[in-house]
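Remarks on the overall topology
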Amino acid sequence: MLHLEIYSPVQEIQDPLFDDKQVRVFVKRDDLIHPFISGNKWRKLKYILLKAKEENKNHLITFGGAFSNHLVATACASAKFGFKSTGIVRGESVQNEVLMLCRLFGMKLLFVDRTSYRDKQDLFEKHFGKDQDAYFIDAGGAGLDGTKGCAELIDEHDQTFDHLFCASGTGTTAAGILKGIQKNKLKTVVNAVPVLKNAEFLKNEIDQYFEKPLEYHLHLNYHFGGYAKTTPELFQFMQAFASSTGILTDPVYTGKLFYALYDLIHKDFFTPKSKILAIHTGGLSGISGMTDKINQAIF
Ligand SMILES: *Cc1c(COP(=O)(O)O)cnc(C)c1O
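Just so it is clear, the model here is predicted, and its values are computed rather than measured.

1. Considering the pairing of strand E10 (residues 275-279)
For E10, the buried fraction is high: 4 of the 5 residues fall into the buried class. Where strand E7 (residues 163-168) meets E10, 3 bridges bridge the pair, whose relative direction is parallel. Within E10, the position partnered with Phe-165 by the bridge is Ala-278.

As structure tokens, then:
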């Protein structure tokens, strides 16, 4: 049996801006689920791991960039639940804090060039096609099993919210949340904040999980130049947010999420009396590669 119970409280945060605009903002602290299997990565891995166990596969193979939260999460979850793991990493061989953690958790790393990295199924076949124990996990834990775990987030709180916000990479988390809302017949409006540039494609990614397309918002203008791209303004926001709430965000996902939320409140996107839930999807690995940039921006 896998022990999968989690702790993720909902906490209200304060800001003069919220009083001014008469909104209330709550944070779902998925970042507290686990220090390394954090946030949505835990939720996305849950049914993937259960299925791997069911199929008696004990070697998890997955994919990510050199600063991938998903790689660390998979490495740690593999160690915790008794799997071997291999991470196929995009780009030339490098060392950093994130990959060090992966190795500490016993993950074997295989670096592949960016062109080969695109065809993950092909890489899996090539390197692990003959390994009876190998189990394929898509980059970021994307896919149907990932959405199942994310949908459970909605079952965990008894309050209702007018709006729900999450950061989006593959869209799996947003799709899962939409499923949870549909299942619980809630009127909560889902707002996804893509962290990539030209993220219009996310609409198809999310809609593929539903028979009829659902209504939700994709806020496309908060990518700060693209995936893992940043500006001094983003770091300054992260500092203001951390120093007024005690909650740390990362520059790749949740920094952009909360920036978008505050900006939309400023711009009167919400009607007065709105209750908003922002999901802190965790994942602070993005910070470790940016120490110099952060110091430059906030000192
Ligand atoms: C991976 C990740 C996301 C993106 O989730 P998707 O399901 O791929 O959209 C969001 N936030 C954090 C902190 C992450 O690590």
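2. Focus: the packing of helix H2 (residues 40-54) against helix H7 (residues 144-151)
Packing of H2 against H7 leaves a shortest axis separation of 7 Å and a crossing angle of 125°. Comparing their axes, H7 and H2 come out oblique. The crossing of H2 and H7 is right-handed. Taken together, the residues of H7 that come into contact with H2 (itself represented by Asn-40, Arg-43, Lys-44, Tyr-47, Ile-48 and Lys-51) are Asp-145, Gly-146, Lys-148, Gly-149 and Cys-150. Grouping the constituent residues of the contact of H2 with H7 by class yields 3 nonpolar, 3 polar and 5 charged.

3. Here we look at helix H6 (residues 120-128)
Taken together, the buried positions of H6 are Lys-120, Leu-123, Phe-124 and Phe-128. The buried residues of H6 all sit within an arc of 100° when viewed along its axis, so they share a single face. Each element contacted by the buried residues of H6 is listed here: strand E3 (59-64), strand E4 (84-90), strand E5 (108-112), helix H5 (114-117) and strand E6 (134-136).

4. Quick notes on the pattern of salt bridges
In this structure the tally under the stated criterion is 11 salt bridges. We note a salt bridge from Asp-31 to Arg-29, for which the minimum N-O separation is 2.8 Å. Asp-31 gets classed as buried once you look at its relative accessible area, which sits at 18%. For Glu-156, the salt bridge is made with Arg-43, and the minimal N-O distance between the two is 2.9 Å. With a gap of 113 residues between them, Glu-156 in the loop between H7 and E7 and Arg-43 in helix H2 connect regions that are remote in the sequence. Owing to a relative accessible area of 3%, Arg-43 belongs among the buried residues under this scheme. A single network of salt bridges, built from pairs that share partners, joins Lys-28, Asp-30, Arg-43 and Glu-156.

5. Details of the domain arrangement of the chain
According to the domain assignment, the chain consists of domain 1 (10-35 + 147-298) and domain 2 (40-141). The centre of domain 1, based on its C-alpha atoms, is set 26 Å off from the matching centre of domain 2. Of the residues lining the interface, 21 residues belong to domain 1; the matching set on domain 2 comes to 15 residues. Each partner contributes to the roughly 1500 Å² buried at the junction of domain 1 and domain 2, and carbon and sulfur atoms together form 54% of this total. Remark: the boundary between domain 1 and domain 2 carries 3 salt bridges. Note that Asp-30 and Arg-43 form a salt bridge whose closest N and O atoms lie 2.6 Å from each other. Our count for the contact surface shared by domain 1 and domain 2 stands at 6 residue pairs in polar contact (both at pLDDT 80 or more). At the level of secondary structure, the elements contributing two or more residues to the side of domain 1 that touches domain 2 comprise H7, helix H8 (172-183) and helix H12 (285-288). In terms of residue class, the side of domain 1 that touches domain 2 is made up of 5 nonpolar, 11 polar and 5 charged.

6. Considerations on the state of the cysteines
According to the stated counting rule, one finds 0 disulfides in the structure shown. With no disulfide of its own, Cys-76 lies closest to Cys-102 among cysteine sulfurs, the gap being 9.9 Å. On the accessibility criterion, Cys-76 (6% relative accessible area) is buried. For Cys-166, which is in no disulfide, the shortest distance to another cysteine sulfur is to Cys-150 and amounts to 8.6 Å. For Cys-166, a relative accessible area of 0% corresponds to the buried category.

7. As for helix H4 (residues 97-104)
Those residues of H4 lying buried are Val-98, Leu-99, Leu-101 and Cys-102. Along the axis of H4, the buried positions cluster into a sector of 155°, meaning they face one direction only. Residues of H4 that are buried make contact with helix H3 (69-81), E4, E5 and H12. Looking at where H4 begins, the residue whose side-chain oxygen comes 2.9 Å from the main-chain nitrogen of Val-98 is Asn-96. At the C-terminal side of H4, Gly-106 shows a positive phi close to 90°.

8. Here we look at the site of the ligand
Taken together, 14 residues surround the ligand, and among them Lys-41, Gly-169, Thr-170, Thr-173 and Thr-281 come closest. Asn-69 is positioned such that a nitrogen or oxygen atom in its side chain is 2.8 Å from an oxygen atom of the ligand. Between the ligand and the protein, one listed contact pairs an oxygen atom with a backbone N or O atom of Gly-171 at 3.0 Å. Isolated, the ligand exposes 390 Å² of accessible area, and the fraction of that covered by the protein chains is 98%. If one sorts the elements of the shell around the ligand by residue count, H2 sits on top with 3 residues.

The rules behind these values
Residues numbered from 1 in each chain as written. Predicted model: local features only at pLDDT ≥ 70, side-chain atom pairs only at ≥ 80, totals over all residues. Heavy atoms only, no water. Buried < 20%, exposed > 50% of the residue type's maximum accessible area, 1.4 Å probe, protein only. Helix = DSSP H or I, 4+ residues; strand = E, 2+ residues; numbered from the N terminus. Pairing = 2+ DSSP bridges. Axes fitted to C-alpha atoms, helices over the stretch in contact; angles between N-to-C directions. Parallel < 35°, antiparallel > 145°, perpendicular 65-115°, else oblique. Left-handed = near helix turned anticlockwise from the far one by under 90°. Contact = heavy atoms within 4.5 Å. Nonpolar A, V, L, I, M, F, W, Y, C, P; charged D, E, K, R; others polar. Arc of directions from axis to C-beta. Salt bridge = Lys/Arg side-chain N within 4 Å of Asp/Glu carboxyl O. Domains from an automatic or database assignment. Buried area = accessible area lost by both parts, 1.4 Å probe. Polar contact = N/O pair within 3.5 Å; in protein donor to acceptor, adjacent residues only side chain to side chain. Disulfide = S-S within 2.5 Å. Near = heavy atom within 4 Å. Areas by Shrake-Rupley, 256 points an atom, 1.4 Å probe, with all protein chains shown as cover.

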